[in-house]
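# Structural characterization, general
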Amino acid sequence: MKGIVDFLTPLGLVWLGLTWLTLIFWRRRKEKPPGRWLVYGMWFMLTATCWTSVPERLIASLEKPWARPQWEALPQADVLLVLGGGASSSPGEIMGLDMANASDRLLTAIELMRRGQAQALVLGGSIRPSTDERPSEGVQSERLIRQWRLYEGPIYQLGVCANTYEEALAMRKLVDQEGWKTVLLVTSASHMRRSVATFAKQGIKVTPVPCAFRSKVNSGTRTPWWPTRPDAGKIDLISIWIYENIGYAAYRMRGWL
């Protein structure tokens, strides 16, 4: 049943349509119908990105340096910083937060603070000024932590930050103000390379704490190359891979890392 439904989604129907056109053009290849190479290319791209394990393997290439973290080997630190992106403020939810695919960032930070891994917690994720009606991700996350009594120690906010670079600038000010020497940095494994380099550029040496792993390739799980079924979730993996590589290049060009 699940396999049939997959083909009735917009992605499945588009793939079936392209497959049909590809077969027709292939049968008429001697006539050299116009647009045939465009159809071939679109069919191949959609098949490779939505059917095969290519997207997982691309994400795995970003996550590989941080795979299988040794939690017990993490050092005690002055502060733990969790970057934003794990949730968004949502007045429609009972706790005011809509958890994203990267919500492991917040959960990982909370668990490490519960274990006493750092003396203070810093929350990122404020892409707009916080108001009572529309609190930012960081402010709403702090409310959740306090209401559930998950951590009783000091919590700091990075304030309004549009990207990782601005989070690094805000953290630099807090580090100078509070005199912190050791910093644990929690973010998605696929985002860690750019994050570590950005903070290092600001003179902040961090201990990476990766989470939100999206690929099973590095865990030793057998992942076949051949097609399985159309999966729209793989488009998200491809998007993350493209975003991180372009982002790294753009940050380098701007001198941010």
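Report follows, based on the coordinates. All residue numbers refer to positions counted from 1 along the written sequence of the respective chain. Only residues with pLDDT of at least 70 get local features here, since the model is predicted, and only at 80 or more are side-chain atom pairs given and counted; chain-wide, interface and lining totals rely on the full set of residues. Neither water nor hydrogens contribute to the side-chain values; these are computed over all heavy atoms in the structure.

### Structural notes on the environment of proline 10
We count a stretch as a helix when DSSP gives it H or I for four or more residues in a row; a strand needs E for two or more, and each element gets its number in order from the N terminus. Note that proline 10 resides in helix α2 (residues 10-27). For the pair formed by proline 10 and arginine 68, sequence separation is 58 residues and the distance between their alpha carbons is 36 Å.

### Observations regarding empty space enclosed by the protein
With a 1 Å grid spanning the protein atoms alone, the term cavity applies to any set of points in which a 1.4 Å probe fits but cannot get out, the term pocket to an open set with protein on both sides within 12 Å along at least five of seven lines, and the term lining residue to any residue with an atom within 4 Å of a point. Grid points are joined across faces, edges and corners, and a volume is the space filled by probe spheres set on the points. Considering all chains together, one arrives at two cavities of 30 Å³ or more under this definition. In this structure, the largest cavity spans a volume of roughly 60 Å³. In terms of lining residues, the largest cavity is bounded by Val82, Leu83, Gly84, Gly86, Arg105, Leu106, Leu123, Gly124, Glu137, Gly138 and Ser141. Of all the secondary structure elements, the ones that give two or more residues to the lining of the largest cavity are α5 (104-114) and α6 (137-147). Counting residues per element, the lining of the largest cavity draws most heavily on α6, at three residues. Each residue gets one label: Ala, Val, Leu, Ile, Met, Phe, Trp, Tyr, Cys and Pro are nonpolar, Asp, Glu, Lys and Arg are charged, and the others, such as Gly, are polar. Grouping the amino acids of the lining of the largest cavity by side-chain chemistry returns four nonpolar, five polar and two charged. In this structure, the second largest cavity encloses a volume near 50 Å³. Taken together, Leu62, Trp66, Ala189, Ser190, Met192, Arg193, Arg194, Glu244 and Tyr248 make up the lining of the second largest cavity.

### Describing the packing of aromatic side chains
Whether two aromatic rings pair depends on their centres lying within 6.5 Å, for rings of Phe, Tyr and Trp, where Trp uses its six-membered ring; planes under 30 degrees apart make the pair stacked, over 60 edge-to-face, and the rest tilted. For the coordinates displayed, the defined rule picks out six aromatic pairs. When the centroid spacing of 4.9 Å and the interplanar angle of 80 degrees are considered together, the rings of tyrosine 251 and tryptophan 256 count as edge-to-face. Note on exposure labels: buried denotes an accessible area under 20% of the residue type's maximum, exposed denotes more than 50%, and partly exposed covers the range between, all computed with a 1.4 Å probe on protein chains only. Judged by relative accessible area, tyrosine 251 falls into the buried class, the value being 7%. Tryptophan 256 sits in the buried class, given a relative accessible area of 14%. Among the aromatic residues, those joined into a ring-pair cluster are Trp26, Trp37 and Tyr40. Sitting over the ring of tyrosine 248, arginine 193 keeps its end group 3.8 Å from the ring centre. Over a ring means this: the NZ of a Lys or the CZ of an Arg is within 6 Å of the ring centre and within 35 degrees of the ring normal.

### A few points about the packing of helix α8 (residues 192-201) against helix α9 (residues 233-254)
Taken N-terminus to C-terminus, the directions of α8 and α9 make an angle of 20 degrees; their axes are 9 Å apart at the nearest point. In terms of orientation, α8 lies roughly parallel with respect to α9. The element α8 and its partner α9 pack so that their crossing is left-handed. On α9, the residues touching Arg193, Arg194, Ala197 and Thr198 of α8 are Tyr243, Glu244, Asn245, Gly247, Tyr248 and Tyr251. Of the residues in the contact of α8 with α9, the class split is four nonpolar, three polar and three charged. Throughout, an axis means a line fitted to C-alpha atoms (over the contacting stretch in the case of helices), and angles, computed between N-to-C directions, take values from 0 to 180 degrees. Reported orientations rely on four angle classes, namely roughly parallel under 35 degrees, roughly antiparallel over 145, roughly perpendicular from 65 to 115, and oblique for the rest. For a crossing to be left-handed, the near helix must be turned anticlockwise from the far one by less than a right angle; the clockwise case is right-handed. Only heavy atoms enter the contact rule, under which two residues are in contact if any of them lie within 4.5 Å.

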